[in-house]
Amino acid sequence: MIGVISYLVFFTTVASILAIAVLGLNLQWGNTGLFNGGVVAFFGAGAYATLILGGTPQADHLGGFELFYPLALLGGMLAAGLLAWLVGVLTLRLRHDYLAIATFGVAVAFETLMRNAEGLAGGAKGLRGFERPLREALGDGFTYNLVFLAFVLTLLIVVYVFLGRLIRSPFGRMLRAIREDEVAAKSLGKSPSRVRLTAFVTGSVIMGLAGGLYATFYAFISPQDVLPILTFQIWAMLIVGGAGNNAGAVLGTFIIWGGWTASGWALSRFAPIEAQLYTGTVQFILIGMIIVGMLMWRPQGLLPERLVVSQSGKPENKHKTGSRR
Amino acid sequence: MIQSLLDGILVGSILSLGAIGLTMAMHMLRFANFAHAELLSIGAYAALVFDGLFSALFPPLAAAIAPLSLTWALSLAIIISMAVTAGSAILVDRFVFARVRAIGGELSMVFASFGVALVLRNLISLIFGLKTQLYSQDIVFAVVISADPLLLVKPDQVFALVAALVIMLILHLVLSRTTLGYSLRAVAENPTLAQVSGIRLSRMIALIWIIGGGLAAVAGVFYGLTNQISPVIGRDLVLPIFAATIVGGIGSIYGAVLGGFLVGIASNLALVILPSGYSPAVPFLIILAVLLIRPNGLFGEARE
Amino acid sequence: MNGNSMKRAGFAAGLAAGLMTLGNAAMAQDCTTKIGAVLPTSVDWGRPIAETAQYVVDQVNEVGGVAGCQIEMVLRDSQVDPKVGVDAAKALVDLDGVKVLLGAVSSGVSMPILTSVTVPAGVMQMSCCSSSSAFTTLSEEGKTDGLWFRTFATSGVQAATGAMVAKEQGITSIAIMYKNDDWGQDIGRIIAEDFAALGITVTGSVALNDGAPSYRAEVTEALRGQPEALYLALYPKEGIAAVREWISLGGTQKMIVANALKSDEFRDSVGLQFLGDTLGTDTASPRVASADAFVTQYTDRFGGAPNGPGLANSYDATMIALLAMEAAGADATGDEIAAAIPRVTDPNGTPITADGAGFAAAVDVLKAGGTVQYQGATGNVRFDANGDVSAPAVIWGFTEDGIEEKRYVSLEEVDAFIASMN
């Protein structure tokens, strides 16, 4: 029983961290219509910067500034924000499939840099030498995980509430106005490019926070953590949960990550012994089929966006997830 | 330097073949199909199966066509493989994409294609195993075409390039000279108007998959011939093919051809400038550079 | 712990285990002990590693299992994704209650499992194949609690043996191609230093990335300096692609390869006619008959010799873990199992072979309170304080019917050679 609780605490921590990143993406895609194909670059920037700033000195790479943990985490968010600003200035005027591939390229370039620049980030063997905050006081075990979960959940709630307010604010309305009809928004004297950049940077800072927490939890980060599969996972969570809806984003995260891990567990337990070696492959087939099935059954996501409009000037917006261009 | 350029062109022809199908689907069906590169895997494995079958049934066919490592059996297998791959593409469209298209938006399609890619890739590895396979164990030596500067080309690669160019020419003629081509282009320009003038959309969609699948099969076999076959062909090639499509401009077949060569050359030349560890980033830096100057790719049109 | 108290503890544990087995003799086969494995079964080189681990478990179960219980290996795919691997490890530890975890392969997966799952939970982790030097550092900092072991010899010996081969062959210029991961980067860097120390010119050092559609450009780059020989630290998939390109472009057939290319797949796909001048390095099996027995048995079971990256290492990792479980007795904790490792890898212990019969023999010795020396598939494995192994080396070549050992290099010889370079 204690094992089950211990596992659930662990699972919830990882899922909550991912949920924060999904919320960041929801601001960019769900509310602003920016197709960010490079989520993992901003997540990774947060993770690497947090460990570099907060870690102990290491002989062979940059870092070991031993900053006070909250400062290191803020530094990680800042790093993600700076990267997003740079990328945003260069690419946000692109049409969205072009934007997707351009940002995807940024993520690949980020991973490549981390893998090769040993002096900067430890190279392929990754970045270590980070002391988890409060480890001395709490030890390494269940208590630590419980306290860390509380910390992560608090931040998840803070981000959730912040985004909820942001979306209901005049700024949030402007985001949706630009998403739906850029020309109209422009004609009303708004500056779409500035607003979009703000949303892009804000979303990326939130992803950077998620990355920082992720690296803190494992006290380690390596190029293997920032492969494109993570971008895909985070997108799948948003699409399944419901783009444009924050509650949906969180729900989608728990469902996809839960399904991802539970399918592996179930196969290891119930598949016949001769088939055990093939379960990894079978699991990927299942994951693919779940995603396809979901899109065939409910493409708008489990909790679709509820449009907050003061007066409806448009016909019903049925195909939320993709009809804009 | 010149060698890298040459290598780039030879590798690029395979990317071009893949990119043509992708750009057509992206333009006419309006979604980024991440499963497209899996069609190359299907093509490569289908050819492997029929190559083995033909060689076993008619041993004389197993002889290589000098100076290539390509056998008569494999040449026949390519044709069957084109049909198998086109058929699979139509099936996937019928069972998945058509349904998602009916109820979901563009992004649903993109993610559905991701899911389809995962399923196809892992089905292939379940059936054929994870190991690397080859059409022919022989290694055909490269031919020296110039001693100073030293220039080497492999006959198989030259064959792949020439064949790819011929196929592209045929495609060009079909699209620009036949009624079929006109209909296809009409659908691409304006689907609603095309339907009004009596073109059946479903038939055109099938045609896109036939062309895209057939070309992908050829690209897959050529890739297998000049490199090797493994279940992750799709995963390894999906990004370069996308890069080629985007650089060329979505919807432009000529752009896709050029894009393929550009990406091939760029990734070969990159090593002259950068340490080889950084090479995966190079195609994307090219994309970024192209898009900064031309936001819709080289031959793409703004589409609102 | 000094030798005396260790012996006493070992004796006590052995006695306890013995008594327990006696008591449970009637119901011995009704119990099952679970061990966990987190391995990349969905990756080409990962699946055989998992297969080998399962093979060891089957062998041990045939001779009665561990401490009278059958072993069930719960296998999870790591997908080479750290998040997925860590979650799988956590589930194995918390939900299945395993005390021993085998895995992972990639250092990037093993490391977070170690820091956030196994060490906090006091579970012993035994990896076949993680090679990063970061583990040694971590252990030196005292953060592994003695729970971490790996049967993959550190890259220093591998590189030194490669350099030794190059020197003996009278090679004066060489190009290096390495896999761009933690293992390849490590070995690529070390061997470049070794070559330089020996006065061999390195004409180029080229990293090969995973999943690149073609290695043509990399090969062209390596060819540029027109080296006399080529050093390869690659896995079979990229090895096959790169070497086929290399040979077709007229590159030298004088190649020196690291252990990951000791693979039948590589030999068959490249072709023996091009590999006549290729010499490889690996950690060595002991100079005893049992090593041949292992190869024979393995060949019978899988229809091919244990030639492939990490197979022998995986065999030893699993077998040593099970031996340690046996030595620690039923219901031992992860710490106790880890502490029992020296009892099964004792250089002065009774030698036992790497097979089911060897395990059965070990059971008897351990029950009597003795210690055993496991003569494994990779040699007489012995861990240092950081859980690292250093093993003697062997130089091998490809032949008609597989892979043939050319020369055995003892640990002393390797050490002397390394010292001579500095």
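Residue numbers run consecutively from 1 along every chain, following the written order of its sequence. For this description, chains carry letters from A and ligands carry numbers from 1, given in the order in which they are written. Only residues with pLDDT of at least 70 get local features here, since the model is predicted, and only at 80 or more are side-chain atom pairs given and counted; chain-wide, interface and lining totals rely on the full set of residues. Hydrogens and water molecules were not included; the side-chain quantities draw on all heavy atoms of the structure.

Draft legend 1. Molecular detail of the overall build of chain B. Scanning chain B from N- to C-terminus turns up eleven helices and two strands. Working definition: helices are DSSP H or I runs of at least four residues, strands are E runs of at least two. Numbering for both runs from the N terminus. Start at the N end of chain B and walk to the C end: the helices and strands fall as α-α-α-α-β-β-α-α-α-α-α-α-α. Within these notes, the globule rule equals 2.2 Å times the number of residues to the 0.38 power, and the radius of gyration is based on C-alpha atoms. Here the C-alpha atoms of chain B give a radius of gyration of 19 Å, agreeing with the 19 Å that 2.2 N^0.38 yields for 304 residues. When its C-alpha atoms are laid out on the principal axes, chain B stretches across 60 × 50 × 40 Å. Note on exposure labels: buried denotes an accessible area under 20% of the residue type's maximum, exposed denotes more than 50%, and partly exposed covers the range between, all computed with a 1.4 Å probe on protein chains only. The 304 residues of chain B split such that 62% are buried. Taking all contacts inside chain B whose residues are at least 6 apart in sequence as the whole, residues at least 24 apart take part in 75%. Residue contacts are defined here by distance: any two heavy atoms, one from each residue, within 4.5 Å place the two residues in contact.

Draft legend 2. How the structure looks around the overall build of chain A. A tally of helices and strands in chain A yields 13 helices and zero strands. Helices and strands appear in chain A in the N-to-C order α-α-α-α-α-α-α-α-α-α-α-α-α. With the principal axes as the frame, chain A shows a C-alpha extent of 55 × 50 × 35 Å. Expressed as a percentage of its 325 residues, the buried residues of chain A come to 62%. A separation of at least 24 residues holds for 77% of the contacts in chain A among residues at least 6 apart in sequence.

Draft legend 3. Broad picture of a nonpolar patch on the surface. Residues enter a patch when their relative accessible area is above 30% and they make no salt bridge; the linking distance is 9 Å between like charges and 5 Å between nonpolar side chains (Val, Leu, Ile, Met, Phe, Trp, Tyr). Residue exposure ignores everything except the shown protein chains as possible cover, and the areas themselves are Shrake-Rupley values with a 1.4 Å probe. We define a salt bridge as a side-chain nitrogen of Lys or Arg found within 4 Å of a carboxyl oxygen belonging to Asp or Glu. On the surface, a cluster of nonpolar side chains totalling about 720 Å² of accessible area is made up of A:Leu62, A:Phe65, A:Leu67, A:Phe68, A:Leu71, A:Leu74, A:Leu113 and A:Leu120. Within the secondary structure, A:Phe65 is located in the loop between helix H2 (39-54) and helix H3 (69-91).

Draft legend 4. Region of the structure containing the interface of chain B and chain A. Facing the 42 residues of chain B at the interface are 43 residues of chain A. Around 3,900 Å² of area is buried between chain B and chain A when both sides are counted, 75% of it from carbon and sulfur atoms. Seen at the junction of chain B and chain A, the total is zero salt bridges. Residue assignment for the side of chain B that touches chain A shows that the elements contributing at least two residues are helix H3 (72-103), helix H4 (106-128), helix H9 (233-248) and helix H11 (282-293) of chain B. Broken down by element, the side of chain B that touches chain A gets its largest block of residues, 14 residues, from H4(B). By convention, the term buried area covers the 1.4 Å-probe accessible surface removed from two parts as they join, with the contributions of both added.

Draft legend 5. Structural context of the packing of aromatic side chains. Any Phe, Tyr or Trp ring, taking Trp's six-membered ring, that has another such ring centre within 6.5 Å forms a pair; planes under 30 degrees apart are called stacked, those over 60 apart edge-to-face, and the others tilted. According to the stated counting rule, one finds 41 aromatic pairs over all chains in the structure shown. Residues A:Tyr48 and A:Phe110 carry aromatic rings whose centres are separated by 6.1 Å and whose planes lie at 75 degrees to one another, so their mutual orientation is edge-to-face. One end of the pair, A:Tyr48, is in helix H2; the other, A:Phe110, is in helix H4 (residues 96-116), with 62 residues separating them in the sequence. Across this residue pair, the class does not change: A:Tyr48 and A:Phe110 are buried. These aromatic residues form a ring-pair network of at least three members: A:Phe10, A:Phe43, A:Tyr69, A:Phe130, A:Tyr144, A:Phe148, A:Phe151, A:Tyr214, A:Phe217 and A:Tyr218. For a lysine, the NZ atom is tested; for an arginine, the CZ atom; a charge sits over a ring if that atom is within 6 Å of the ring centre and within 35 degrees of the ring normal. Directly above the aromatic system of C:Tyr235 lies the positively charged group of C:Lys179, at a separation of 4.5 Å from the ring centroid. Here the basic side chain of C:Arg301 rests over the ring of C:Phe302, its NZ or CZ set 4.6 Å away from the ring centre.

Draft legend 6. Representation of the interface of chain A and chain C. Taken together, the 44 residues of chain A in the interface contact 46 residues of chain C. Summed over both sides, the interface between chain A and chain C buries roughly 3,900 Å², with carbon and sulfur atoms accounting for 54% of that surface. The three residues of chain A that bury the most area against chain C are A:Arg128, A:Gln224 and A:Leu277, which together make up 18% of that side's buried surface. The tally of links from chain A across to chain C stands at four salt bridges. Of the charged contacts in the structure, one is a salt bridge between A:Glu131 and C:Lys143, with a shortest N-O distance of 3.0 Å. Whenever a nitrogen or oxygen atom comes within 3.5 Å of another N or O atom, the pair is scored as a polar contact, on the condition that within protein one atom can donate a hydrogen and the other can accept it, and that pairs from neighbouring residues in sequence are kept only if both atoms are in side chains. Between chain A and chain C we count 23 residue pairs in polar contact (both at pLDDT 80 or more) in total. Elements supplying a minimum of two residues to the side of chain A that touches chain C: helix H1 (2-31), H4, helix H10 (192-218), helix H11 (228-241), helix H12 (246-270) and helix H13 (279-297) of chain A. For the side of chain A that touches chain C, the residue count by class is 19 nonpolar, 17 polar and eight charged. Charged residues are taken to be Asp, Glu, Lys and Arg, nonpolar residues to be Ala, Val, Leu, Ile, Met, Phe, Trp, Tyr, Cys and Pro, and polar residues to be all remaining types, Gly included.

Draft legend 7. Up close: the pattern of salt bridges. Residue and element names in this part refer to chain C. A complete count under the given rule lists 28 salt bridges over all chains for this structure. Note that Arg-224 and Glu-221 form a salt bridge whose closest N and O atoms lie 3.1 Å from each other. Residue classification places Arg-224 among the partly exposed positions, given a relative accessible area of 43%. For Asp-282, the salt bridge identified is with Lys-262, shortest N-O distance 3.1 Å. Linking Asp-282 in strand E10 (residues 279-283) with Lys-262 in the loop between strand E9 (255-257) and helix H10 (264-270), this pair joins segments that are 20 residues apart in sequence. Like Asp-282, the residue Lys-262 is buried in the burial classification.

Draft legend 8. Region of interest: the pairing of strand E3 (residues 100-103) of chain C. All names here are of chain C. Examined bridge by bridge, strand E1 (residues 32-39) and E3 share three bridges and lie parallel to one another. Following the sheet pairing, Val-38 is matched in E3 by Gly-103. Both E3 and strand E4 (residues 124-127) contribute to a ladder of three bridges, which runs parallel. Counted as the bridge partner of Val-100 is Met-124 from E4. In this fold, E3 hands off to helix H4 (residues 107-121), which returns the chain to E4; that crossover is right-handed. For two strands to count as paired, DSSP must find a minimum of two bridges between them. With the strands pointing away from the viewer, any crossover whose connection runs clockwise from the first strand over the helix to the second is right-handed.

Draft legend 9. Quick peek at the state of the cysteines. Residues and elements named next belong to chain C. Pairs of cysteine sulfur atoms within 2.5 Å are what we label disulfides. Enumeration over the complete set of coordinates arrives at two disulfides over all chains. Linked covalently through their sulfurs, Cys-31 and Cys-69 form a disulfide whose S-S length is 1.9 Å. With the S-S bond torsion at -105 degrees, the cross-link from Cys-31 to Cys-69 turns out left-handed. Of this pair, Cys-31 sits in the loop between helix H1 (3-24) and E1 while Cys-69 sits in the loop between helix H2 (46-62) and strand E2 (70-77), and the two are 38 residues apart along the sequence. A residue is classified by how much of its surface remains accessible, and Cys-31, at 23% relative accessible area, is partly exposed.

Draft legend 10. Representation of the sheet that holds strand E8 (residues 229-233) of chain C in the model. All names here are of chain C. Taken in spatial order, the seven strands of this open sheet run E7-E6-E8-E9-E10-E14-E15, and their pairing is mixed. Strand pairing shows two members of the sheet lacking a second neighbour, strand E7 (201-208) and strand E15 (402-409), which therefore form its edges. Across this sheet, the average inter-strand angle for adjacent strands is 25 degrees, counted without regard to direction. For strand E6 (residues 173-179) and E8, the ladder comprises five bridges, and the chain directions are parallel. Here an angle of 0 to 180 degrees is reported between the N-to-C directions of two axes, which are lines fitted to C-alpha atoms, with helices fitted over the stretch in contact.

Draft legend 11. Representation of the side chain of C:Asn61 within the structure. Its location among the elements puts C:Asn61 in helix H2. Residue contacts for C:Asn61: discarding those within four places in its chain leaves C:Gln70 and C:Ile71.

Draft legend 12. Representation of the environment of C:Ile352 in the model. All names here are of chain C. Here Ile-352 is to be found in strand E11 (residues 350-352). Judged by relative accessible area, Ile-352 falls into the buried class, the value being 4%. Spatially, the C-alpha atom of Ile-352 lies 12 Å from that of Gly-370, the residues being 18 residues apart in sequence. Those residues in contact with Ile-352 that lie beyond four places of it in its chain are Leu-323, Gly-358, Ala-361, Ala-362, Val-372, Gln-373, Tyr-374 and Gln-375.

Draft legend 13. Local environment of the sheet that holds strand E12 (residues 372-376) of chain C. Residues and elements named next belong to chain C. As summarised here, the arrangement of the three strands in space is E11-E12-E13, forming an open sheet in which the pairing is mixed. The sheet is open, and its two borders are formed by E11 and strand E13 (379-380), each paired with just one other strand. Relative to E13, E12 runs antiparallel, the two being bridged by two bridges. When the sheet's bridge partners are listed, Gly-376 is paired in E13 with Gly-379. Along the sheet, helix H12 (residues 311-328) makes contact with E11, E12 and E13, crossing E12 at roughly 160 degrees.

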